[in-house]
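# A structural walkthrough
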Amino acid sequence: MEIKNHRVVGVDFVEAAAYTKTGTITPDAIIIHYTAGNSGAATVRLFAAKTAQVSAHFVVHEDGKITQMVDMNKKAWHAGKSSYNGRSGYNSLSIGIEISNPGYLQKIDGKYYTWWEAKKTSGRIATPESMVYTGKHRNAVTKMTYWQKYTDAQLKAVKELCQAICKAYNIIEILGHEEILPGQKCDPGPAFPLDAMRNELLAKSGKVNLNELFANAVSQSAASSLVIGKTTVKLNFRQAPKTTAPLKSNPMAAGTYIYIIGEDSTKEWYNILHEITGWIDKQYITQDTSDSDYDGILNSDNAMIYSDEKKTRRMVSDLKTGTKFNLLEQQENMFRIKAVVEGWACAKYIKKES
């Protein structure tokens, strides 16, 4: 995607009715929302209506289509009376992205319904079970545990849009509406891979908060001295600093960003932290909403991470009880997770970036 004059080239532009038309903003944050409605088209009509009281810069439809409604240097009305980490007033700081999604689902007689279907006394239309995500919310504002999944097309579109925005603007935060209004809002909810996406995008820009991201893997004093590195070739990630050591996971692709925490005595190997994804049986997972960085915790030393939900191949076998991670998706009894893993890689194939 390309951005020119504060608009994404090639996407439809439908002007919202309610936004601040005078003056400009310099956004350094992205706020992710869900619409809580039944279609992206309905949200576009709502924001464009003369009676509208809210707006966002973008609406992402069910099929991944993007509609822009406010120029990115103008203040849209999507964040409300918001604050996070000592900053407030996110309408003036951020670009708002609304994803068409109903949010939480209610389970009635073994079937799952959107909030509007659940209100009906007859003729309810259930949400297909393949579109149901089970997960606790990070905030105590809701005890709902069933959520409608986002479509693959939406996840792809949102990530590409955020990548383009990060390239065009000095973005230092990617947050959910639920984080800037934790007592009131619960979007985009646990079905959206918010932690994983922002960690990836902000790590590539060097703007990730290392103390938060790796608090589970190293002490805060060690985290303050982490060095960002980038692999220059497809590179093995091993359990020990020797070529005969077992692999920790799939080889890292060229261009993978990692964090260097030390080196061996020969200085030929770097001890690194690397985020990997894999599948784990839900019996080994306790969902955790006590902080804003992780939403799962390992409850056993015997858990294995696999390459897919069918347990085709083992990946990492030495995660310990208490390890925190992000839950990305669920397939029956298996969860796909993203965890920070420590291991070794050949130093000559890693370029230090800071």
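Residues numbered from 1 in each chain as written. Predicted model: local features only at pLDDT ≥ 70, side-chain atom pairs only at ≥ 80, totals over all residues. Heavy atoms only, no water.

So, about the pattern of salt bridges. Inspection of every chain in the model, using the stated rule, returns 15 salt bridges. Linking D71 and R7 is a salt bridge whose minimum nitrogen-to-oxygen distance equals 2.5 Å. Of the two residues, D71 sits in the loop between β7 (66-68) and β8 (75-76) while R7 sits in strand β2 (residues 7-8), which places them 64 residues apart along the sequence. For R7, a relative accessible area of 35% gives the class partly exposed. A salt bridge links D28 to R87; its shortest N-O distance comes to 2.9 Å. One end of the pair, D28, is in the loop between β4 (19-20) and β5 (29-34); the other, R87, is in strand β10 (residues 87-88), with 59 residues separating them in the sequence. (Salt bridge = Lys/Arg side-chain N within 4 Å of Asp/Glu carboxyl O. Helix = DSSP H or I, 4+ residues; strand = E, 2+ residues; numbered from the N terminus. Buried < 20%, exposed > 50% of the residue type's maximum accessible area, 1.4 Å probe, protein only.)

Let's shift gears to the sheet that holds strand β16 (residues 173-176). Ordered in space as β3-β7-β6-β11-β5-β16, the 6 strands form an open sheet in which the pairing is mixed. One side of each edge strand has no neighbouring strand; the edge strands of this open sheet are β3 (12-13) and β16. Here 2 bridges tie β3 to β7, and the two strands are oriented parallel to one another. Looking at β7, one finds that F13 is bridged to Q68. Taken strand by strand, helix α1 (residues 40-48) contacts β6 (58-60), β7 and β11 (94-99), and its axis lies near 160° from that of β6. (Pairing = 2+ DSSP bridges. Contact = heavy atoms within 4.5 Å. Axes fitted to C-alpha atoms, helices over the stretch in contact; angles between N-to-C directions.)

In terms of nonpolar packing, the biggest core is built from 59 residues, with I32, I97, I165 and I174 touching the most fellow members. With 7 residues, helix α3 (residues 152-168) is the single largest residue contributor to this core. Apart from the residues lying within four places of it in its own chain, the contact partners of I174 are I30, I32, C166, L194, M197, R198, L201 and L202. (Core = buried A, V, L, I, M, F, W, Y, C linked by side-chain atoms within 4.5 Å.)

Another aspect to go through is the packing of aromatic side chains. The full count for this structure, using the stated rule, is 3 aromatic pairs. Look at W115 and W116: their rings are 5.4 Å apart centre to centre, the planes differ by 90°, and that puts the pair in the edge-to-face class. On the basis of relative accessible area, W115 is assigned to the partly exposed category, the value being 31%. Ring geometry for Y150 against F192: centres 5.3 Å apart, planes inclined by 75°, an arrangement best described as edge-to-face. In this pair, Y150 is assigned in the loop between β15 (146-148) and α3 and F192 in the loop between α4 (177-180) and α5 (194-204), connecting sequence segments 42 residues apart. (Phe/Tyr/Trp six-rings, centres within 6.5 Å; stacked < 30°, edge-to-face > 60°.)

This part covers unusual backbone geometry. Cis peptide bonds are those with omega within 30 degrees of zero, and the linkage from D187 to P188 qualifies with 10°. Mapping P188 onto the fold places it in the loop between α4 and α5. Unusually for a residue other than glycine, N5 sits at a positive phi of about 50°. Locating N5 in the fold gives a position in the loop between β1 (3-4) and β2. By relative accessible area, N5 is classed as exposed at 70%. A positive phi angle, close to 60°, is found at K311, a residue other than glycine. You can see K311 is positioned in the loop between β21 (296-298) and β22 (324-331).

Of all the positions in α1, only G40, T43, V44 and F47 are classed as buried. The buried residues of α1 occupy an angular sector of 100° when projected down its axis, which confines them to one face. Buried-residue contacts for α1 involve β6, β7 and β11. (Arc of directions from axis to C-beta.)

Spatial strand order, β20-β21-β22-β23-β19-β18-β17-β24: 8 strands in an open sheet with antiparallel pairing. In the strand order of this sheet, the two ends are held by β20 (285-287) and β24 (350-352), each with one partner. Geometrically, the sheet is characterised by an average inter-axis angle of 45° between neighbouring strands, direction not taken into account. In terms of strand pairing, strand β19 (residues 269-281) meets strand β23 (residues 334-346) through 13 bridges, oriented antiparallel. Bridged to W269 within β23 is C346.

Everything listed is a geometric property; what it means functionally is a separate question.
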